[in-house]
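Given next are the chains, with one letter for each unit.
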Amino acid sequence: MAQWQRASGGQFAPGNRGGPGNPMAGQVQRLRAALLQSVSEDDIRDLGQGLLRLALKGDLEASKILLRYTVGEPNKMPPTEECEIDELKRRAEVRKLKKLEDFDNQLYGPEE
């Protein structure tokens, strides 16, 4: 096994080639590709429907999986206030665009 040259602080020394990487990465990539090729969109849709049926029957794990992949993780969602502020900003932008469109129509007439 090769000895890695280290600087005094423990970091790799300048000129060190670094580690060998993951020798299994290529194989893992090929296996994942094969797995993806074996599953169709319809299969995923059926799986989702199955999860939904289980969740509606009270299966907590199915509920968690279904919600995680549809709604998202609770801690990754923005706070409600942030969503409300974003919605207000979007509505204000739409009003501005509508006013610009009305002004444009007054100047040049409506588009046909």
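See the structure above.
Because the structure is a prediction, the values reported are computed rather than measured.

Caption draft 1: Up close: the overall build of the protein. A tally of regular secondary structure across the protein gives four helices and zero strands. Secondary structure elements of the protein, listed N to C terminal, follow the sequence α-α-α-α. Out of the 112 residues in the protein, the part that is buried amounts to 7%. As presented, the protein carries roughly 10,600 Å² of accessible surface, and 57% of it is formed by carbon and sulfur atoms.

Caption draft 2: Representation of the pattern of salt bridges. Evaluation of the coordinates by the stated rule reveals six salt bridges. The salt bridge involving Arg 45 is made with Asp 42; its shortest N-O contact spans 2.7 Å. In this pair, Arg 45 and Asp 42 are both assigned in helix H2 (residues 41–56), three residues apart and thus about one turn of the helix distant. A relative accessible area of 49% means that Asp 42 is categorised as partly exposed.

Cut-off values and rules
- Residues numbered from 1 in each chain as written.
- Predicted model: local features only at pLDDT ≥ 70, side-chain atom pairs only at ≥ 80, totals over all residues.
- Heavy atoms only, no water.
- Helix = DSSP H or I, 4+ residues; strand = E, 2+ residues; numbered from the N terminus.
- Buried < 20%, exposed > 50% of the residue type's maximum accessible area, 1.4 Å probe, protein only.
- Areas by Shrake-Rupley, 256 points an atom, 1.4 Å probe, with all protein chains shown as cover.
- Salt bridge = Lys/Arg side-chain N within 4 Å of Asp/Glu carboxyl O.

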